[in-house]
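So the chains spell out like this:
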Amino acid sequence: MALYIGVMSGTSLDGLDIALIEQTSAIRLVATHYIPMPDSLRAELLGLCASGPDEIARSAIAQQHWVKLAAQGVHALLSNQHLEPEAIRAIGSHGQTIRHEPARGFTVQIGSPALLTELTGITVVSDFRSRDVAAGGQGAPLVPAFHEALFEEGTGNQAVLNVGGFSNLSLIEPTRPVAGFDCGPGNVLMDAWIQHQRGENYDRNGDWAKTGTVEPELLEALLSDPFFITQGPKSTGREVFNLPWLEQHLSRFPAFAAENVQATLLELTALTIVTALQSAQTGTEQLLVCGGGAHNSALMTRLAALLPDTTVASTAHHGVDPDWVEAMAFAWLAHCCLEGIAANRPSVTGARGLRVLGAIYPA
C-alpha cells in the first residue's frame, strides 16, 4: 500500500483540487481538500495564457503564488488526516497550464515542483505532458489511461467524459486499447460569457442557459471551426477557444439576447461531445461524466436527450465523486512514474510509443 497526493488546477481556474489516494492493486480515494483560487491570481494566470509584457517574470512570480497555495492545501489535508509528510510517497502536481500548442512542439505548465518539494517535504512528480509531446504526441488528454484503470470492469462499450474548461472523452472497450481526445469547449466559453455579461464565474446548473433559446445561425457559425472536423488524436485549449473567438463570431450577426448566446454555447458543448462520441464509438452503453460539467443539470439533460440509447450518469453512480477524478489521476500518474509504468497512450495522444511520464523532485 502507498499513499499519493494529486494536485490539479484546471483551465476553469476556479481553484486547486487536492486528492489523497491509496494505491494497491486498486485505486481508492481517501480524502480531499479544495482551495478557491484568489481573484488576483486567477486574473494573472488568465493573462499569462496570451502574450504580454514581462511575461517571463510574471509567470515566475505567479507560479510561486500557485505553489504556496498548493502547499497550504497539502498541509491542510495532511493535518485533517493526522498524517505526517513522510507517510506520502509522492505528490503528483499537474501545475497550471498557461500555453498548450503541441502542433508547435510545446506545452507549458507552471508550478515550480522544486519549491513545492521544499514547502511540503514530500517528493514531487510533475511535468507530465512534455515527454509525450517530445515523442510526437499531443500531451493531452492524459486521463484516459487512468479512466481505463478506474472503470475497466464494464463488459460493454463505455465512455468517460470529463467536462472542465474543455471536454475530453475516454473510450473504453473490451476489444481494443483505450482511445480518447479533446472534444472542444466544455465550460470555458459559458464561463467567459456569463462573467462578461453578469460578473459571475459560472452558470450554476445551467440556470441562465435554460432561460434562453438556441440561435441556429450562431451555432452553425461556431461549429464551422476547423477543430471540430479534425480527427483525433487532438487536443485544444484557450489558445483556440476564448472570449475574443466568440466575440469575433458574434460580430457577424445582429445582437442576440445574452441568454440566447449562453443557451447556444451550452448546445455547442453538448453537440460537439455527442458528435465526437458517435463518430469514434458505436454502441456506447454508458457515458460516465466527471468534472464541473457533471453538476450542470441543463447540460446533463441535453446529453441524455441527444443519446437516447446510452445511459448518461455522473461517475458518482459508480462510486467516484466527479469533482475529484482529475486530481486522483495525477496522484496515480505520480505512482506510475515512480514505478516506471508507461502512462501515456499512443492511441490517445498520437505519440510514437508508450512513455513513462513526469519529472521527479526528490524530498
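Keep in mind that this is a model prediction, so the values were computed, not measured.

J.: How should I be thinking about the pairing of strand 5 (residues 96-101) in this particular structure?
T.: Every regular strand shows the same layout, with side chains that alternate between the two sheet faces. Burial of strand 5 is extensive: 5 of the 6 residues sit out of reach of the surface. Note: strand 5 against strand 6 (residues 106-110), 5 bridges, orientation antiparallel. By the bridge assignment, Gln 96 is partnered in strand 6 with Ile 110. Two successive antiparallel strands, strand 5 and strand 6, enclose a turn made up of 4 residues, where Gly 105 displays a positive phi of approximately 85 degrees.

J.: How should I be thinking about helix 3 (residues 113-120) in this particular structure?
T.: Because the α-helix completes a turn every 3.6 residues, residues three or four places apart line up on one side. Looking only at helix 3, the buried set comprises Pro 113, Leu 116, Thr 117 and Thr 120. Down the axis of helix 3, the smallest arc covering the buried residues is 100 degrees, so these residues share one side. In the core, the buried residues of helix 3 are packed alongside helix 2 (55-80), strand 4 (90-93), strand 7 (124-126) and strand 13 (359-361). Gly 121, located one to two residues past helix 3, shows a positive phi value of around 75 degrees.

J.: How should the UniProt feature "binding site: ATP" (unreviewed entry) in the protein be read in this particular structure?
T.: Mapped onto the present numbering, the UniProt feature "binding site: ATP" (unreviewed entry) falls on Gly 10, Thr 11, Ser 12, Leu 13, Asp 14, Gly 15, Leu 16 and Asp 17. Following the sequence through the fold, Gly 10 ends up in the loop between strand 1 (2-8) and strand 2 (15-23). The class for Gly 10 is buried, based on a relative accessible area of 18%. Along the chain, Asp 14 falls in the loop between strand 1 and strand 2. One polar contact links Asp 14 to Ser 12, side chain to side chain, over a distance of 3.1 Å.

J.: Got a minute to help me understand the packing of aromatic side chains in this structure?
T.: The geometry of two aromatic rings is summed up by the distance between their centres and the angle between their planes. By the definition in use, this model includes 7 aromatic pairs. Look at Phe 146 and Trp 332: their rings are 5.6 Å apart centre to centre, the planes differ by 50 degrees, and that puts the pair in the tilted class. Pair noted here: Phe 146 is in helix 5 (residues 144-151) and Trp 332 is in helix 12 (residues 325-339), with a separation of 186 residues, a long-range link. The ring of Phe 227 is capped by Lys 234, whose NZ or CZ atom sits 4.3 Å from the centre of that ring.

J.: What should I look at first to understand the pairing of strand 10 (residues 176-185) in this one?
T.: A large share of strand 10 lies buried, amounting to 8 of its 10 residues. Pairing of strand 9 (residues 166-173) with strand 10 involves 7 bridges; the strand directions are antiparallel. Pairing of Leu 171 across the sheet is with Ala 179, part of strand 10.

J.: Just to check I follow, could you spell out the side chain of Thr 97 for this structure?
T.: With respect to the secondary-structure elements, Thr 97 resides in strand 5. Among the residues examined, Thr 97 registers a relative accessible area of 17% and is labelled buried. Side chain to side chain, Thr 97 and Gln 109 meet in a polar contact 3.1 Å long. Those residues in contact with Thr 97 that lie beyond four places of it in its chain are Cys 49, Val 108, Gln 109 and Arg 129.

J.: Just to check I follow, could you spell out empty space enclosed by the protein for this structure?
T.: Over the atoms a probe the size of a water molecule is rolled, and this reveals where empty space is left. Under the counting rule described, the total for this entry stands at 1 cavity of 30 Å³ or more. Forming the walls of the largest cavity are Pro 141, Leu 142, Pro 144, Ala 145, Ala 343, Asn 344, Arg 345, Val 348 and Thr 349. When residues of the lining of the largest cavity are traced back to their parent elements, those giving at least two are helix 5 and helix 13 (346-349). Its residues assigned to classes, the lining of the largest cavity shows 6 nonpolar, 2 polar and 1 charged.

Definitions and cut-offs
- Residues numbered from 1 in each chain as written.
- Predicted model: local features only at pLDDT ≥ 70, side-chain atom pairs only at ≥ 80, totals over all residues.
- Heavy atoms only, no water.
- Buried < 20%, exposed > 50% of the residue type's maximum accessible area, 1.4 Å probe, protein only.
- Helix = DSSP H or I, 4+ residues; strand = E, 2+ residues; numbered from the N terminus.
- Pairing = 2+ DSSP bridges.
- Arc of directions from axis to C-beta.
- Contact = heavy atoms within 4.5 Å.
- UniProt positions renumbered as here; feature names shortened; annotations may be inferred.
- Polar contact = N/O pair within 3.5 Å; in protein donor to acceptor, adjacent residues only side chain to side chain.
- Phe/Tyr/Trp six-rings, centres within 6.5 Å; stacked < 30°, edge-to-face > 60°.
- Lys NZ or Arg CZ within 6 Å of the ring centre and 35° of its normal.
- 1 Å grid on protein atoms, 1.4 Å probe; cavity = no way out; pocket = protein on both sides within 12 Å on 5 of 7 lines; lining within 4 Å.
- Points joined across faces, edges and corners; volume = space filled by probe spheres on them.
- Nonpolar A, V, L, I, M, F, W, Y, C, P; charged D, E, K, R; others polar.

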